[in-house]
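# Commentary on secondary and tertiary structure
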Amino acid sequence: TGQPRSQEPESTINLGDYLAILKRRKSVIFLASGLLFCLSLAAAILWPPTFKSTATILIEEQEVPSELVHSTITSYADQRIEMIKQQVMSRSSLGKVVEQYNLYAGMRKENPTEEVIKRFIKDIEVEVISAHVIDKRTHNATKATIAFTVSYNSGTPDIAQRVANELTSLFLGGNLKSRERQAQETTTFLKQEAESLAAHIEEVEAKLSKFKQRAAGALPELMP
């Protein structure tokens, strides 16, 4: 029969062991850290600067009384912004801006128009701004879109500002057309409501006149 073997105690690594490893490898660690720092510093210096120009557009409340034309504030504003965004960010609209300000001149020589438009869209940012407001109909606090921002990123500050202004003008122009269509629709709706109300009043007056003719002399206002 063999004799039982003696088991060696399991080795454990404590904090002192880690410190000893760091001391032995400190030169390698410092070298790697210094190399990373130098690469980061070089990237920060050599990386071309990017300038961002931003415009904030506030959303006005509808002028038509809510008692006549009901609308959901948040969803309506979001829908309008998205609709105008689709119009402004169309290929034809952005293509005119690219040509007007001679954007991406080098890229346009070597790439098709679709790639240039994709790059242009990538440099454009449209973000909505929401806040808690009081709904006039329910008098309850609700989260609504009150504004949105239009930004453009460029390597030249002057171009960034001019293109951002142009995009803002396009958004405002699209909003103006949308408001004109809405005003026409609202006018047509109110006109139909007025005509319907006038017809109803005329019908009621005709019925009242017939009733007075049938009850001639017996109405309370004709009594002594």
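Residues numbered from 1 in each chain as written. Predicted model: local features only at pLDDT ≥ 70, side-chain atom pairs only at ≥ 80, totals over all residues. Heavy atoms only, no water.

## Focus on the pattern of salt bridges
One pass over the structure, following the stated rule, counts five salt bridges. In this structure, the salt-bridge partner of lysine 52 is glutamate 125, at a minimum N-O distance of 2.9 Å. Highlighted residues: lysine 52 in strand β1 (residues 51–58) and glutamate 125 in strand β2 (residues 124–134), separated in sequence by 73 residues. One salt bridge connects glutamate 114 with arginine 91, and the closest N-O pair in it is separated by 3.5 Å. (Salt bridge = Lys/Arg side-chain N within 4 Å of Asp/Glu carboxyl O. Helix = DSSP H or I, 4+ residues; strand = E, 2+ residues; numbered from the N terminus.)

## So, the packing of aromatic side chains
Working definition: an aromatic ring pair is given by the centre-to-centre distance plus the angle between the planes. Under the criterion given, the structure shown has three aromatic pairs. Relative to tyrosine 152, the ring of phenylalanine 120 has its centre 5.5 Å away and its plane inclined at 85°; by these criteria the two rings are edge-to-face. With a gap of 32 residues between them, phenylalanine 120 in helix α6 (residues 113–122) and tyrosine 152 in strand β3 (residues 141–154) connect regions that are remote in the sequence. According to the relative accessible area criterion, phenylalanine 120 is buried, its value standing at 0%. (Phe/Tyr/Trp six-rings, centres within 6.5 Å; stacked < 30°, edge-to-face > 60°. Buried < 20%, exposed > 50% of the residue type's maximum accessible area, 1.4 Å probe, protein only.)

## Observations regarding the confidence of the model for the protein chain
Of the residues in the protein chain, 78% have a pLDDT of 70 or more, and the chain-wide mean is 79. The least confident element of the protein chain is helix α1 (residues 15–24), whose mean pLDDT is 72; the most confident is α6, at 94. Note that pLDDT drops below 50 for residues 67–74; the model gives that stretch 14 contacts with residues more than four away or on any other chain. (pLDDT = per-residue confidence, 0-100. Contact = heavy atoms within 4.5 Å.)

## Comments concerning the nonpolar core
Leu103, Phe120, Tyr152, Val163 and Leu167 are the most contacted members of the largest nonpolar core, which has 23 residues in total. Looking at which element gives the most residues to this core, the answer is helix α7 (residues 157–214), with five residues. When sequence neighbours within four positions are dropped, the list of residues in contact with phenylalanine 120 reads Leu94, Val97, Val98, Leu103, Tyr104, Tyr152, Val163 and Leu167. (Core = buried A, V, L, I, M, F, W, Y, C linked by side-chain atoms within 4.5 Å.)

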